[in-house]
Amino acid sequence: MDQNTKQAKQKWAERHRNRARMLISCPDQPGIVAAVSQFLYEQGANIVQSDQYTMDPQGGMFFIRIEFDLPDLEKQEAELRQKFAGISEKFGMNWELFRAAQKKRLAIFVSKEDHCLLELLWQWQAGDLHADIAMVISNHPDLKPVADSFGIPYFHIPVTADTKREAEQRQLELLDGKVDTVILARYMQIISPYFIEHYRNRIINIHHSFLPAFVGGKPYAQAYNRGVKIIGATAHYVTEELDGGPIIEQDVQRVSHRDNVDDLKRIGRHIERIVLARAVSWHIDDRIIVHQNKTVVFA
């Protein structure tokens, strides 16, 4: 990491030392914004950004993300949470409070393709991805040199149909206490419900199609066989339903009858890396609220 990048990261850390983010969802009703704003004012906080959304204004749900600065935030956090409990009960809120300086700790799962992994590592190295990458885990040894070049620990854990449960247990042991978010950067294995339960709404997958089209394996071949004119990629949270979790981000590109399966894969790799990087960035910046099987993204 060069000196300019180190200085940029240090400046970011100092600027966000006393910054926090609140994510709130609750039944829509009058007075929510006023109550939250007044509460933060009374604690001595300064709101620097506020975004809100109402899903179905007639008796629907209300979502808000508030970013604020509060002197000595780390010392005041516990008391802040305790005091806000009364407001959350009054409005029936689901809410979370995050300190911006407390970076998310990521584990990146990969198989053999490197493009999504490299995009995340490049952005992290450049200081554009404000997270700590704790490790890379793979069911193949192929990408160890990539992780080594960035100084990231790499763990090779083979997976077969007979050893899947043991492999996931080993993975969970490695993650325990070191990681709070798992990124599947073209990790070509289905994640079991047992694993998902440990990281509910904290596992992000990149699927190489514009979901809900072409779920499962070999989506580019499926797309080619259907003669599609648009291909895409989808980043989503992982649930027990294969490629059916809450969608975070998607993008597409036009193709034609002249493009074969290899062309589609080549074009798709670029879309995949950008879509996944956006989704990861929004997650670590606490910009996503999951509601049922949808997301509200304050991008």
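Residues numbered from 1 in each chain as written. Predicted model: local features only at pLDDT ≥ 70, side-chain atom pairs only at ≥ 80, totals over all residues. Heavy atoms only, no water.

A. Layout of the packing of aromatic side chains. Tallied over the full model, the rule gives six aromatic pairs. Ring pairing ties together the aromatic residues F109, Y187, F195 and Y199, which thus form one cluster. Between K9 and the ring centre of W124, over which it is positioned, the NZ or CZ distance is 4.8 Å. (Phe/Tyr/Trp six-rings, centres within 6.5 Å; stacked < 30°, edge-to-face > 60°. Lys NZ or Arg CZ within 6 Å of the ring centre and 35° of its normal.)

B. Highlighting the pattern of salt bridges. In the structure shown here, the tally under the stated rule is 19 salt bridges. Between R65 and E67 there is a salt bridge, and its shortest N-O distance comes to 3.0 Å. For E67, a relative accessible area of 6% corresponds to the buried category. D263 serves as the salt-bridge partner of R266, at 3.5 Å between the closest nitrogen and oxygen. (Salt bridge = Lys/Arg side-chain N within 4 Å of Asp/Glu carboxyl O. Buried < 20%, exposed > 50% of the residue type's maximum accessible area, 1.4 Å probe, protein only.)

C. Local environment of the pairing of strand β6 (residues 131-138). Counting buried residues along β6, six of its eight residues qualify, which places the element largely inside the surrounding structure. The pairing of strand β5 (residues 104-110) with β6 spans seven bridges and is parallel. Within β6, the residue paired with K104 across the bridge is A131. In this fold, β5 hands off to helix α4 (residues 115-126), which returns the chain to β6; that crossover is right-handed. Note that β6 and strand β7 (residues 154-156) share three bridges and pair parallel. Bridge pairing in β7 places I137 opposite F155. (Helix = DSSP H or I, 4+ residues; strand = E, 2+ residues; numbered from the N terminus. Pairing = 2+ DSSP bridges. Right-handed = clockwise from strand over helix to strand, strands pointing away.)

D. Broad picture of the packing of helix α2 (residues 32-42) against helix α3 (residues 73-91). Interaxial distance between α2 and α3 falls to 11 Å at its minimum, and their mutual angle equals 165 degrees. The angle between α2 and α3 places the two elements in the roughly antiparallel class. Crossing of α2 over α3 shows right-handed handedness. Contact residues: α2 offers I32, A35, V36 and F39, while α3 offers L80, K83, F84, I87 and F91. (Axes fitted to C-alpha atoms, helices over the stretch in contact; angles between N-to-C directions. Parallel < 35°, antiparallel > 145°, perpendicular 65-115°, else oblique. Left-handed = near helix turned anticlockwise from the far one by under 90°. Contact = heavy atoms within 4.5 Å.)

E. Representation of the nonpolar core in the model. Of all hydrophobic cores here, the largest spans 43 residues; its most connected members are I108, L276 and V280. When residues of this core are traced back to their parent elements, those giving at least two are β5, α4, β6, α5 (144-149), β9 (203-207), α8 (219-226), β10 (230-237) and α9 (261-284). Here this core gets ten residues from one element, more than from any other, and that element is α9. Of all hydrophobic cores here, the second largest spans 21 residues; its members include L40, L73, I87 and L97. (Core = buried A, V, L, I, M, F, W, Y, C linked by side-chain atoms within 4.5 Å.)

F. Broad picture of empty space enclosed by the protein. Considering all chains together, one arrives at one cavity of 30 Å³ or more under this definition. Lining the largest cavity are W12, R21, R99, A100, Q102, K103, K104, H130, I284, D285 and D286. The class makeup of the residues in the lining of the largest cavity is three nonpolar, two polar and six charged. (1 Å grid on protein atoms, 1.4 Å probe; cavity = no way out; pocket = protein on both sides within 12 Å on 5 of 7 lines; lining within 4 Å. Points joined across faces, edges and corners; volume = space filled by probe spheres on them. Nonpolar A, V, L, I, M, F, W, Y, C, P; charged D, E, K, R; others polar.)

Note that every value here comes from positions in space, so none of it alone points to a role or purpose.
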